[in-house]
Amino acid sequence: MTVKIMTVVGARPQFIKAAVVSHVLERIEGAEEEIVHTGQHFDANMSQTFFDELSIPEPKVNLGVSGGTHGQMTARMLEALESEMMERKPDVVLLYGDTNSTLAAALAAAKLHIPMVHVEAGARTHSATNPEEINRICTDHVATKLLACTEDNLENLNKENLAEKSEFSGDPMYDAFLHYSDLAQRPNLVGVVNGEPVELPAEFYYVTCHREENTGTDEALLGLLDALSSLDAPAVYPVHPRNRSTVCRLAQDEENDFSNILFVDPVGYLESVYLVNHAKQIITDSGGLQREAFYAGVKCTTVLDFEVWPETMVQGRNILAKPTKTSIRNAMSVPQMVDGTYLPFGDGKAAERIANCVVELAERR
Ligand code: UDP
């Protein structure tokens, strides 16, 4: 029996999770996966690089939807995804995470009565102002099957009366990190302002920050950059396209001295894993990087008002900070203890559970 699985992806973290699951699906007889790329992330170093280096099957189609307001982006994706689903007639739709692509695909599949599996279900920030929270809640409530990365996420689903359709899978990001750490590559860094090669220092901090809360105003971004300027080793900061122009403007302003910060283009996943594993500490507002810091046992400071992954916020390992020098430096100075027996993200076999669940659901159709 052949089953047709439509995987919808659009953003960098989804490519990484989809990679490990796709590789398992490839080995299951009768499972045919078709990847649909919404186009949410489109720069080569935010998209194609991941397909190439993680050997993800080429998308059957790229819908080319990016930019605009949340409403505009979601609406355009919804319309395009509905057409794709009507034409391709998948037996099951596979969704990851909390982006606008996830929400649009969930709504389209629900209205067409196509069963769907949501991976990374039950993650909650409990913050009404976090746009991804709305995507998470709506997707979980319309999805057919919910797969949780942690027991805490499973408990969140239970509290929303979704226990019946929920299961623990473990975190496919953890699978990816375990697998690709062996293949990690020392990065070839390129300066974001001048396009010149940048030498990776022997000791460095790894920084990613791109959320609206931290980069939407000069004040917030300057608080972060001030903190990075005061560190005892350079900060390697791959700049997300979303805040590239603001960062470049501030970096070039002669009033600012950011010589301790290496503003570089986004790096590939294998290079990012190298940076995680070799950094003195990590400073980020990314949900993925917080978890990767935790997997690697590298101390993390999260510049956000809310916890996305409370399981990492233990033993001083990940601490919230405001985008100010004092708050970030205070969080960084708290020592961490790493208990290697505490493994909330599963056993590194989440991809197998996800793939099996997807195929089973498709076969029941
Ligand atoms: N990442 C990467 N290159 C970079 C910065 C990050 O490959 O230049 C990876 C990082 O290792 C993590 C993921 O991208 O796995 C996080 O993506 P992002 O911050 O865009 O999304 P979020 O985690 O906030 O959903």
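Below is a summary of the structure that appears in this document.

What counts as what
- Residues numbered from 1 in each chain as written.
- Predicted model: local features only at pLDDT ≥ 70, side-chain atom pairs only at ≥ 80, totals over all residues.
- Heavy atoms only, no water.
- Phe/Tyr/Trp six-rings, centres within 6.5 Å; stacked < 30°, edge-to-face > 60°.
- Helix = DSSP H or I, 4+ residues; strand = E, 2+ residues; numbered from the N terminus.
- Buried < 20%, exposed > 50% of the residue type's maximum accessible area, 1.4 Å probe, protein only.
- Near = heavy atom within 4 Å.
- Polar contact = N/O pair within 3.5 Å; in protein donor to acceptor, adjacent residues only side chain to side chain.
- Nonpolar A, V, L, I, M, F, W, Y, C, P; charged D, E, K, R; others polar.
- Pairing = 2+ DSSP bridges.
- Contact = heavy atoms within 4.5 Å.
- Axes fitted to C-alpha atoms, helices over the stretch in contact; angles between N-to-C directions.
- Salt bridge = Lys/Arg side-chain N within 4 Å of Asp/Glu carboxyl O.
- Core = buried A, V, L, I, M, F, W, Y, C linked by side-chain atoms within 4.5 Å.
- Parallel < 35°, antiparallel > 145°, perpendicular 65-115°, else oblique.
- Left-handed = near helix turned anticlockwise from the far one by under 90°.
- Arc of directions from axis to C-beta.

**Considering the packing of aromatic side chains**
Applying the stated criterion across every chain, the model contains 11 aromatic pairs. Ring geometry for Y180 versus Y269: centroids 5.8 Å apart, planes at 85°, classification edge-to-face. One end of the pair, Y180, is in helix α7 (residues 172-181); the other, Y269, is in helix α11 (residues 269-278), and 89 residues separate them in sequence. Grouping residues by exposure puts Y180 and Y269 together as buried.

**Some thoughts on the site of the ligand**
Looking at the ligand, there are 19 residues lining it, with R211, V267, S272, G288 and E292 nearest. The contact in question runs from an oxygen atom of the ligand to an N or O atom on the backbone of G288, over 2.7 Å. By residue number, the principal contributor to the shell around the ligand is helix α12 (residues 287-296), which donates four residues. Broken down by class, the residue content of the shell around the ligand amounts to 10 nonpolar, six polar and three charged.

**Brief notes about the sheet that holds strand β1 (residues 3-9)**
The parallel open sheet is built from seven strands, whose spatial order is β3-β2-β1-β4-β5-β6-β7. Among the strands making up the open sheet, the edge pair consists of β3 (61-62) and β7 (166-168). Pairing between β1 and strand β4 (residues 92-96): four bridges, direction parallel. Residue pairing in the sheet places M6 in a bridge with V93 of β4. Packing against the sheet, helix α1 (residues 12-27) makes contact with β1, β2 (31-37), β4 and β5 (116-121), and its axis sits at approximately 140° to β4.

**Here's the deal with the pattern of salt bridges**
When their charged atoms lie close together, side chains carrying opposite charge are able to pair. This model, assessed by the stated rule, comprises 19 salt bridges. The closest approach of N and O atoms between K145 and E167, which form a salt bridge, is 2.9 Å. Pair noted here: K145 is in strand β6 (residues 145-148) and E167 is in strand β7, with a separation of 22 residues, a long-range link. Looking at K145, the relative accessible area reads 16%, which means it is buried.

**Some details on the nonpolar core**
Counting 67 residues, the largest nonpolar core has L94 and Y269 as the members making the most contacts within it. With nine residues, the top contributor of residues to this core is helix α14 (residues 350-363). When near neighbours in sequence (up to four residues on either side) are disregarded, Y269 contacts I16, F50, E53, L54, M173, A176, F177, Y180 and E292. Residues L224, L225, L228 and I328 belong to the second largest nonpolar core, which totals 26 residues.

**Focus on the packing of helix α9 (residues 218-229) against helix α13 (residues 325-333)**
Taken N-terminus to C-terminus, the directions of α9 and α13 make an angle of 45°; their axes are 8 Å apart at the nearest point. As summarised for this structure, α9 and α13 are arranged oblique, according to the angle between their axes. Judged by the twist between their axes, the crossing of α9 over α13 is right-handed. The residues of α13 that touch α9, namely those facing G223, L224, D226 and A227, are K325, I328 and R329.

**Regarding the sheet that holds strand β10 (residues 205-208)**
The strand order across the open sheet formed by six strands is β12-β11-β10-β13-β14-β15, and the pairing between neighbours is parallel. Only two strands of the sheet have a single partner each, and these edge strands are β12 (261-264) and β15 (318-321). Sheet twist, expressed as the mean angle between neighbouring strand axes with direction ignored, is 20°. Sheet analysis places strand β11 (residues 235-238) next to β12, joined by four bridges and oriented parallel. Of the residues in β12, the one forming a bridge with V236 is L262.

**A word on α13**
Taken together, the buried positions of α13 are S327, I328, A331 and M332. Viewed end-on, α13 has its buried residues packed into an arc of 130°, placing them on one side of the element. Exposed side of α13, more than 90 degrees from the buried face: T326 and S333 are the residues found there. For α13, the elements touching its buried residues are β10, α9, β13 (282-284), β14 (300-303) and β15.

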